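# A look at the structure
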Amino acid sequence: MNFEEMDIDKRTKKALEMRGFSEATDVQEKAIPFAMKGDVIVQSKTGSGKTLAFLIPVFEDISGRGNEALILVPTRELAQQVEKEARSIAKMYGVKTIAIYGGVSIENQIRNLPASVIVGTPGRVMDLMRRGYLDISKIKFLVLDEADRMLDMGFIDDIRWIISKTNPDRRMLLYSATMPKEIINLAHRYMKNPKKIALSTDTISPKEIKQYYVETDKRDKFRKLVTILRSEKGKYLIFCNTKNEVQYLGRKLRNEKLPAREIHGDMKQGARTRVMNDFKANRVNILVATDVASRGIDVEGITHVINYDVPRYPKDYVHRIGRTGRMKRDGKAISLVTPDDIEFFMRIEDYIGMKINRIDVENGKVEVKKDYRRVADRYGMVPVKFKTNGRIGEMDIIREAEKHGINEDSIGKIEIYGNKGIMKVRYSHVHKVNKMRIFEDVKIGAK
Ligand code: ADP
Ligand code: MG
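The structure displayed is predicted, hence computed values, not measured ones.

Conventions adopted
Residues numbered from 1 in each chain as written. Chains lettered and ligands numbered in written order. Predicted model: local features only at pLDDT ≥ 70, side-chain atom pairs only at ≥ 80, totals over all residues. Heavy atoms only, no water. Helix = DSSP H or I, 4+ residues; strand = E, 2+ residues; numbered from the N terminus. Contact = heavy atoms within 4.5 Å. Areas by Shrake-Rupley, 256 points an atom, 1.4 Å probe, with all protein chains shown as cover. Buried < 20%, exposed > 50% of the residue type's maximum accessible area, 1.4 Å probe, protein only. Lys, Arg positive; Asp, Glu negative; His and termini not counted. Salt bridge = Lys/Arg side-chain N within 4 Å of Asp/Glu carboxyl O. Polar contact = N/O pair within 3.5 Å; in protein donor to acceptor, adjacent residues only side chain to side chain. Phe/Tyr/Trp six-rings, centres within 6.5 Å; stacked < 30°, edge-to-face > 60°. Lys NZ or Arg CZ within 6 Å of the ring centre and 35° of its normal. Near = heavy atom within 4 Å. Nonpolar A, V, L, I, M, F, W, Y, C, P; charged D, E, K, R; others polar. Patch = residues over 30% accessible without salt bridge, like charges linked within 9 Å, V, L, I, M, F, W, Y side chains within 5 Å. Charge placed at Lys NZ, Arg CZ, Asp CG, Glu CD. Core = buried A, V, L, I, M, F, W, Y, C linked by side-chain atoms within 4.5 Å. Domains from an automatic or database assignment. Axes fitted to C-alpha atoms, helices over the stretch in contact; angles between N-to-C directions. Parallel < 35°, antiparallel > 145°, perpendicular 65-115°, else oblique. Left-handed = near helix turned anticlockwise from the far one by under 90°. Pairing = 2+ DSSP bridges.

### Focus: the overall build of the protein
When helices and strands are tallied, the protein shows 16 helices and 19 strands. If one aligns the C-alpha atoms of the protein with their principal axes, the spans along those axes are about 95 × 50 × 35 Å. Sequence separation of at least 24 residues holds for 71% of the intrachain contacts in the protein that already meet a minimum separation of 6. In the form shown here, the protein has an accessible surface area of approximately 22,100 Å², with 47% of it arising from carbon and sulfur atoms.

What follows is the structure in structure tokens.
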């Protein structure tokens, strides 16, 4: 649906237009009409546009007097990000917005209160409330953004305390990427007959994520990874299956002068947050992670997800690669597949219902290769149909093939009928057939 067709304030429409947003995302289309009327619990995956799905309804009820909406978020970065988004709408209304979070001077924040839209982390919000600078007893909206992460980070009691200081008539909007039981409980305890809106959690959009795999032996894995990292600039999230492997790989990459950092469950929250913040701020462009540590990762601009280890559960694969290819940006997912992984990898292909393309990483270069193994017989030989001028024989073909690097061992049976023929070539060499000038036409993989 187009924002223009939505029953929302003209000033909001103007602000969206200025940002270049015309179509509402799925979650926006579904949540906004309900959030304009009452309490909502909205579950929708990261990157789906939840921020506007609560900001738009909030602005429907903004007057510019006193503190009107309090939006709680788990991190400082998110407070800044959401406040910026709010500000772009607020300027059309001529009302104030403010981000309040810890780690910076409190005086500036005090001076800018009250404000129509307050975006804050629970800690600093409570601090300002206790000191008497922030009165939320008359707010109209309480929004919990990234509710699952706030609970993960241990903010549940703070949130309860903050809720208890609001008046019961305020509207409460809860947004989250996942819906664990604690959130449902929280909602039932404090919300008024909330409308539940659930969108898919982990569907992948193959259009936005280009998926590849690289065949490799265990001992070449690291070199191939380094080649990939060196040949394509980007922001990389690399997954290993264990904490030990994460630590080990991080260290090895740094030895190669590749400035990688690690995140895994044995690290203190403070250290994890620092790493995440550095990654978000592009001070670190290679992050090595375990599945668990990646749960909270919603970082803009990840260009590559690398499965250094193939995940053991197809579901994890989908979670991992979903960290890239957010909202209209292209992302790449590359899996390094050793012979031990093939079985798991095939299960992944079954689960996602598609075949993943092979690329080659050799001589320091990454090349997209057509995966001829898939059209090979069980001896690895691929049929090639060809046309000639009708005057060549088997030996001419073998000689021409050798000129292009196809050795005799890689050539199977050759059959010629007049100016047509069929031959078999090993899958790893068959692409070179295209360069053979002896043929007038070739079809690789034709039955
Ligand atoms: P979520 O909170 O669900 O993770 P965000 O609200 O952060 O998602 O939105 C993700 C990205 O999509 C942001 O960069 C945002 O500016 C952009 N975005 C949101 N809504 C739209 C829209 N209707 N059209 C285009 N881009 C949008
Ligand atoms: Mg969000």
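### Things to note about the side chain of Lys235
Topologically, Lys235 is positioned in the loop between helix H10 (221-231) and strand S9 (236-239). Here Lys235 occupies a buried position and makes no salt bridge, while the nearest side chain of opposite charge, Glu300, is found at 8.6 Å. Here Phe279 takes part through its backbone oxygen, which lies 2.7 Å from a polar atom of the side chain of Lys235. Not counting residues within four places of it along the chain, the set of residues in contact with Lys235 comprises Phe279, Lys280, Asn282, Asn285, Val299, Glu300, Gly301, Ile302, Thr303 and His304.

### As for the packing of aromatic side chains
Scanning the entire structure with this criterion turns up four aromatic pairs. Taking 5.0 Å as the distance between ring centres and 50° as the angle between the ring planes, the aromatic pair formed by Tyr213 and Phe345 counts as tilted. Pair noted here: Tyr213 is in strand S8 (residues 209-215) and Phe345 is in helix H15 (residues 342-352), with a separation of 132 residues, a long-range link. Its relative accessible area of 3% is what places Tyr213 among the buried residues. Under the relative-accessibility criterion, Phe345 is labelled buried at 4%. Taking the ring centre of Phe279 as reference, the NZ or CZ of Lys235 above it sits at 5.1 Å. Positioned over the ring face of Phe344 is Arg312, at 3.9 Å from the centre of the ring.

### Focus on the site of ligand 1
Residues in close proximity to ligand 1 total 17 residues, the closest being Glu23, Gln28, Gly47, Lys50 and Thr51. Note that an oxygen atom of ligand 1 is positioned 3.1 Å from one of the backbone N or O atoms of Ser48. In this structure, an oxygen atom belonging to ligand 1 sits 2.9 Å away from a side-chain N or O atom of Lys50. When ligand 1 is considered free in solution it has 560 Å² of accessible area, and contact with the protein chains removes 87% of it. Element by element, the count of residues in the shell around ligand 1 is highest for helix H3 (residues 50-59), at three residues. Here the residues of the shell around ligand 1 are counted per class, giving four nonpolar, seven polar and six charged.

### Quick notes on a positive patch on the surface
A cluster of like positive charges, contributed by Lys385, Lys387, Lys420 and Lys443, occupies part of the molecular surface. On the basis of relative accessibility, which here comes to 38%, the residue Lys385 falls in the partly exposed class.

### As for the nonpolar core
Ranked by size, the top nonpolar core spans 41 residues in total, and within it Phe54, Val58, Phe59, Ile71, Val117, Leu173 and Tyr175 carry the most contacts. If we skip the residues at most four places from it in the chain, Ile71 touches Phe54, Leu55, Val82, Val117, Ile118, Val119, Gly120, Val143 and Asp145.

### Points about the domain arrangement of the protein
For an interface, size is often stated in terms of accessible area lost upon the parts coming together. Along its sequence, the protein is organised into domain 1 (3-198), domain 2 (209-369) and domain 3 (374-444). Averaged C-alpha coordinates put domain 1 and domain 2 at centres separated by 33 Å.

### Observations regarding the packing of H10 against helix H11 (residues 243-255)
As a packed pair, H10 and H11 sit with axes 12 Å apart at the nearest point and diverge in direction by 60°. Taken together, H10 and H11 sit at an angle that is classed as oblique. Considering how the two elements wind past one another, H10 and H11 form a crossing that is right-handed. Seen from H10, the contacting residues are Phe222, Leu225, Val226 and Leu229; seen from H11, they are Leu249, Lys252 and Leu253. Its residues assigned to classes, the contact of H10 with H11 comprises six nonpolar, no polar and one charged.

### Thoughts on the sheet that holds strand S16 (residues 381-387)
On the basis of which strands lie adjacent, the open sheet formed by four strands has the order S17-S18-S16-S19 and antiparallel pairing. What marks the edges here is a single partner per strand, and that holds for strand S17 (411-417) and strand S19 (441-444). The sheet shows a mean angle of 20° between the axes of neighbouring strands, taken without regard to direction. As paired elements, S17 and strand S18 (residues 420-426) share five bridges and run antiparallel to each other. Pairing of Tyr417 across the sheet is with Lys420, part of S18. This element, helix H16 (residues 394-403), spans S16, S17 and S18 of the sheet and lies at about 135° to S17.

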